[in-house]
Amino acid sequence: MKKKTLVPLIIFLLGICLVSLIVYKTDTHEKEQRHITAQLNVATYGERIKNEITNGIEITDTLKQILISEDGEIHQFETIAGNLMSDSIESVQLAPNGVVTDIYPANEKEAGKIDLIHDKDRGKISCYARDNHTIITQGPFKLKQGGYGIAVRNPVYLKDKNGHEYFWGFTIVILRVPDIFSDSISALSNFGYEYKISKTDAPWSDTYKVVYQSDGQINRPVSYTFTIGDENWKFEVTPKSGWRNATLLIIIIGIFLTISLLLSVLTRVWLVAKEHKKKFQILARTDSLTNIYNRYGFDEFAEKMIQKNPKAHFVAALLDIDDFKFINDIYGHNYGDSMKTFFPSDALLGRNGGDEFCILLPNCTFAEADIQLQKFTKLPKSFSYHGKEHAFYISLGYAEYPTFASNRSQLMRCADAALYEIKLHGKNGCMVYREGFRSGARKQLGFAFKDISEHLPGAFIIYRADKEDDELFFANDEFLHMSGYKDIDELFRLTKKSFRNLIREDEQQQIESSIWEQIDSGNENDYIHFHLRKADGTYFSVLDHGRIVENPQYGKVFYVLFMDWKDMHIRYNDKFAR
């Protein structure tokens, strides 16, 4: 009863922990998304605000160009200024020699005759604009007609008779705030953002002064900075609802707390099912035909055994049945039981599938395992089929950990290489892994029958019939002897397992084209004459006769016989003469 009470309680507490984690992750994700969105918006609308201010400043550039073209004179100033006005422009002014003399509209004239260069509030920044040839903005300040404005002063320079530049004065525009960027801040407000626009107090200052801001609080905002003239501007935004999505978090908490409660209620059912689960786990790791571990179960327990005692010695063996047939008659509980009887109780036994079995002997070296494995290999084996007893034989390869392997998978690969090495040597035997064995030898197994290799009267190879991948699978002893390769491994190494690399380089394209032209036209590969690469890098003239064969394991392959061209001429000179 305690278990049935405690486990549901633990499940519920774990559920609360999980809910907390999910809420934390969701909250973090939502904050990140809101920051990303806000950053995109602040950059987009910050650039738009910059452009809107710049468009207002362009009025001063227009006036500046007229002054330069008219040598410092503007005729019909009011007409020109009137055409340049917009709803966000408070006034347009001219200040020759830094003194404001012309203002449009006319009702602003009471503000005229201000000496910008010597004025207490405007002098320093105006001199900076004059001396540094740069536009400056000043403000915001209260306008007499209400609202706020920013003054933009653009210094104008002309040239005298001698071509020397001199300061003419300023073209000025007063921008209404926030009218000049009202479209942008209105859009941001509709999107649910609080905002603030600031600028440096002066070009030489790092102190920012607020130009305009929304009524709400700016909390941990994202910002976008831009430069107008020599002054820095900063645009900041923050969501009105904050960076946290409270509604979503409440929904998530409600959903997952409900799920946690349901899981707690269902735990009793789970506890009952747990008893059956062990049985299912055993079945999932057991081969139903032989009653020993399947590949999954063997790999799992072998990994655990080695990890538990990493400094101990283990011997892994792989075996399969030679010339395997009658699967269901050979296998069965009898064969699995016979393996259990022969090997010690601590040995791990498994069936990889098909005709292949695996064995792991703990606390054992290959020298200690050799006698046992040799004896098992030679043990008479038979099965009954249609009332008759049939003998069968096995090939077995084994390797030792940690002598030749640093982990389970590498150990099994070494055992696999030893298994297929014994297959190459005629099957029905047992072999320990040694340095130099190559698991790639498996490629030959479909063809490397010992009796064929020893008795075929001629040089013979097999390679893949593929224009892109002409992989070599097999070469008999006669071919290796004729071409000077000491063994199949040297052939594979020097040719990189490619038939193309057996052909002299200047003939490769021609010979391959000739072969595939015959194949594509529906004819079998006929006799072809070319120069074959020997092990020492030299070449000798051969005649090959190939045929495409469909192999169930490798698809289309070429079976090719080779004849020494020079030797043929010597032996059959009279026939060639005809």
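Colleague: Outline the overall build of the chain, listing residues and values.
Modeller: If you tally the helices and strands in the chain, you get 16 helices and 22 strands. Relative to its length of 578 residues, the chain is extended, with a C-alpha radius of gyration of 46 Å against a globular reference of 25 Å. Principal axes of the C-alpha set define a box for the chain whose edges measure 125 × 95 × 45 Å. Considering only intrachain contacts with a sequence separation of at least 6, the fraction spanning at least 24 residues in the chain is 58%. With an accessible surface of roughly 31,800 Å², the chain has 52% of that area assigned to carbon and sulfur atoms. With 70 positive and 77 negative side-chain charges, the chain shows a spacing of 9 Å between the two charge centroids.

Colleague: How would you summarise the pattern of salt bridges if you had to cite specific residues and measurements?
Modeller: All chains considered together, the criterion is met by 21 salt bridges. Taking the shortest distance from any N to any O, the salt bridge between Arg351 and Asp287 comes out at 3.2 Å. Of the two residues, Arg351 is situated in strand β12 (residues 348-353) and Asp287 in the loop between α5 (246-285) and β10 (293-294); the sequence distance between them amounts to 64 residues. Since its relative accessible area comes to 11%, Asp287 is described here as buried.

Colleague: Hey, could you go over the environment of Tyr420 for me, with residue numbers and the actual values?
Modeller: With respect to the helices and strands, the residue Tyr420 is situated in helix α10 (residues 408-424). A sequence separation of 259 residues divides Tyr420 from Lys161, and the C-alpha atoms of the two residues are 101 Å apart.

Colleague: Can you lay out the sheet that holds strand β7 (residues 208-213) for me, pointing to particular residues and giving the numbers?
Modeller: Two strands in a sheet stick together by hydrogen bonds in their backbones, pointing the same way (parallel) or opposite ways (antiparallel). The antiparallel open sheet is built from four strands, whose spatial order is β7-β6-β9-β8. Single-partner strands in this sheet number two, and they are β7 and β8 (222-228). When strand polarity is set aside, the average angle formed by the axes of neighbouring strands in this sheet is 25°. With seven bridges connecting them, β8 and strand β9 (residues 231-239) associate as antiparallel partners. By the bridge assignment, Tyr224 is partnered in β9 with Phe235. Packing of helix α1 (residues 2-69) onto the sheet brings it into contact with β6 (193-200), β8 and β9, and relative to β8 it is tilted by some 20°. In the packing of helix α4 (residues 182-190) onto the sheet, contacts are made with β6, β7 and β9, and the angle to β6 comes to roughly 145°.

Colleague: Give me the layout of surface pockets: which residues, what numbers.
Modeller: Approximately 590 Å³ is the volume found for the largest pocket. The set of elements that each furnish at least two residues to the lining of the largest pocket consists of β1 (89-96), α3 (123-132), β3 (136-142), β4 (148-159) and β5 (165-177). A per-element tally of the lining of the largest pocket places β3 first, with five residues. In terms of residue class, the lining of the largest pocket is made up of 13 nonpolar, five polar and eleven charged.

Calculation rules
Residues numbered from 1 in each chain as written. Predicted model: local features only at pLDDT ≥ 70, side-chain atom pairs only at ≥ 80, totals over all residues. Heavy atoms only, no water. Helix = DSSP H or I, 4+ residues; strand = E, 2+ residues; numbered from the N terminus. Rg over C-alpha atoms; globule rule 2.2 N^0.38 Å. Contact = heavy atoms within 4.5 Å. Areas by Shrake-Rupley, 256 points an atom, 1.4 Å probe, with all protein chains shown as cover. Lys, Arg positive; Asp, Glu negative; His and termini not counted. Charge placed at Lys NZ, Arg CZ, Asp CG, Glu CD. Salt bridge = Lys/Arg side-chain N within 4 Å of Asp/Glu carboxyl O. Buried < 20%, exposed > 50% of the residue type's maximum accessible area, 1.4 Å probe, protein only. Pairing = 2+ DSSP bridges. Axes fitted to C-alpha atoms, helices over the stretch in contact; angles between N-to-C directions. 1 Å grid on protein atoms, 1.4 Å probe; cavity = no way out; pocket = protein on both sides within 12 Å on 5 of 7 lines; lining within 4 Å. Points joined across faces, edges and corners; volume = space filled by probe spheres on them. Nonpolar A, V, L, I, M, F, W, Y, C, P; charged D, E, K, R; others polar.

Everything listed here is a matter of geometry and, on its own, says nothing about what the molecule does.
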